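# Coordinates in review
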Amino acid sequence: MNPEPPPFALEWLARYLRTTSESAVLLIDPEGAVLAWLGAAERLFGYPAAQAQGMNFERLFIDRDRRLGLHRQEIDAALASGRSEDDRWHQRQDGSRFWATGVLEAIRNDDGSVAALCKTVRDRTDLRTRIDALRNSLFAREQEHDERTNFIVSVGHELRNLVGPAQNAASLIALSDDPAMRNRSLEILQRQLTAMSMLLDDLGRASETAGERLRLERQPVIVQDAVRQAVDAMRATIERNGQQLRATLPPVPFSIEADALRVQQMLLNLLGNASKYTPAGGHIDVTASVEADMAVIRVADDGIGIDPQVLPHIFELFTRDASRTTQPGLGVGLAVVKELATLHGGGIEARSLGPGKGSLFALRLPLDVARRPEPPPG
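Residues numbered from 1 in each chain as written. Predicted model: local features only at pLDDT ≥ 70, side-chain atom pairs only at ≥ 80, totals over all residues. Heavy atoms only, no water.

### Structural notes on the sheet that holds strand β1 (residues 23–28)
Spatial strand order, β2-β1-β5-β4-β3: five strands in an open sheet with antiparallel pairing. At either margin of the open sheet sits one strand with a lone partner, and together these are β2 (34–39) and β3 (83–91). Averaged over all neighbouring strand pairs, the angle between strand axes comes to 25 degrees, with direction disregarded. Bridge count for β1 against strand β5 (residues 114–123) is six bridges, and the pairing is antiparallel. The partner of Leu26 across the bridge, within β5, is Lys119. Of the strands in this sheet, β1, β3, β4 (97–108) and β5 touch helix α5 (residues 70–81), which is tilted by about 160 degrees from β3. (Pairing = 2+ DSSP bridges. Helix = DSSP H or I, 4+ residues; strand = E, 2+ residues; numbered from the N terminus. Axes fitted to C-alpha atoms, helices over the stretch in contact; angles between N-to-C directions. Contact = heavy atoms within 4.5 Å.)

### Focus on the pairing of strand β10 (residues 294–301)
Where a strand is regular, its side chains alternate between the two sheet faces. Across the eight residues that make up β10, a large majority, six, are buried. Across eight bridges, the pairing between strand β9 (residues 283–291) and β10 is antiparallel. Counterpart to Asp285 in the pairing with β10 is Ala300. Joining the antiparallel neighbours β9 and β10 is a turn of two residues, in which Ala292 adopts a positive phi near 55 degrees. Two elements, β10 and strand β12 (residues 359–366), share eight bridges in a ladder whose sense is antiparallel. Paired with Ala295 across the bridge in β12 is Leu365. (Buried < 20%, exposed > 50% of the residue type's maximum accessible area, 1.4 Å probe, protein only.)

### A look at the packing of aromatic side chains
Two numbers describe a pair of aromatic rings. These are the distance of the centres and the angle of the planes. Per the counting criterion, the structure on display carries six aromatic pairs. Arranged with centres 5.7 Å apart and planes meeting at 45 degrees, the rings of Trp37 and Phe45 form a pair that is tilted. For Phe45, a relative accessible area of 0% gives the class buried. Judged by centre distance (6.0 Å) and plane angle (85 degrees), the ring pair of Phe315 and Phe361 falls under edge-to-face. With Phe315 in the loop between β10 and α10 (333–343) and Phe361 in strand β12, this pair connects stretches of sequence that are 46 residues apart. When sorted by exposure, Phe315 lands in the same class as Phe361, which is buried. Members of the aromatic cluster, joined through ring pairs, are Trp37, Phe45, Tyr47 and Phe98. Here the guanidinium or amino end of Arg128 rests over the ring plane of Trp99, the centre of that ring lying 4.3 Å away. (Phe/Tyr/Trp six-rings, centres within 6.5 Å; stacked < 30°, edge-to-face > 60°. Lys NZ or Arg CZ within 6 Å of the ring centre and 35° of its normal.)

The analysis is restricted to geometry; functional conclusions fall outside its scope.
Printed below as a string of structure tokens:
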């Protein structure tokens, strides 16, 4: 049996319970009714002592835990073994929650019967926040690992598909004396090498974006000039695909504060994407405008559109709708555009009414504050 504490210890304990802002101390009976509301109980739970008196402590548990009977289980465990520990969400009077560590201990009479139970609670929402942050970080790393694995598998698969026909073509060139056969084989080999080059370009863009996120060389970039450069670079390819390319730009120049090479990278990806998914005879339209504090460049096509199930994921790495194209690629181009746009403080959005109804991509980049176009007079 423990000796009686000296009077000064009881005085200090009473002072602690009056002044502590860290620990809530509750005395409850074996049925859970509150007998005493001490320490930081009012601050943590929001109930004044007069209102808490006689209240069942199950009201401090969130709805799910009450439905599971965890308030009763906690009492039963303390009655059976003398104490019960828990880490859980608790609910305040106003309905808000906080994460708490708690201990419920049985206080026994000299004959061993339970006089009351003492519940000590500390708010550790900060700890829970750190734990959640670590879990999210771990989950993100696991996702990154999975993406890298899928990435490697995709590269191996696509390169294998390209290398086989190229090897066959090279063998025919070496073995055949028929000029027509050699020319056809040479065309196949050239197509496969071009496809491999495209694949390696995709890989290079993906790695470059991941490795140089903080290396933007910002400078004033006139939007009209950037669009014209991209259109000129893509025009021959798009016309070779039997498509028409049109650009409609405002007459008054306006600029963005951006990395000029990255802007070209984004525009070339968007134009290349439009050409890839637009059949011969189709149209690709590029427009530029100013909306609030953003320059908006839109690339629209009347091509094969985007399936509604794919549209929400169109900017995710490795997303490809196999039903839309048989051309090579890892589905990284639009992911690169999104990452670069975000890095510039802007964004990218995609719209499509569905398969066969074309697509529209809107690239938004912040205007150069010092060179925003003057509003019209009046």
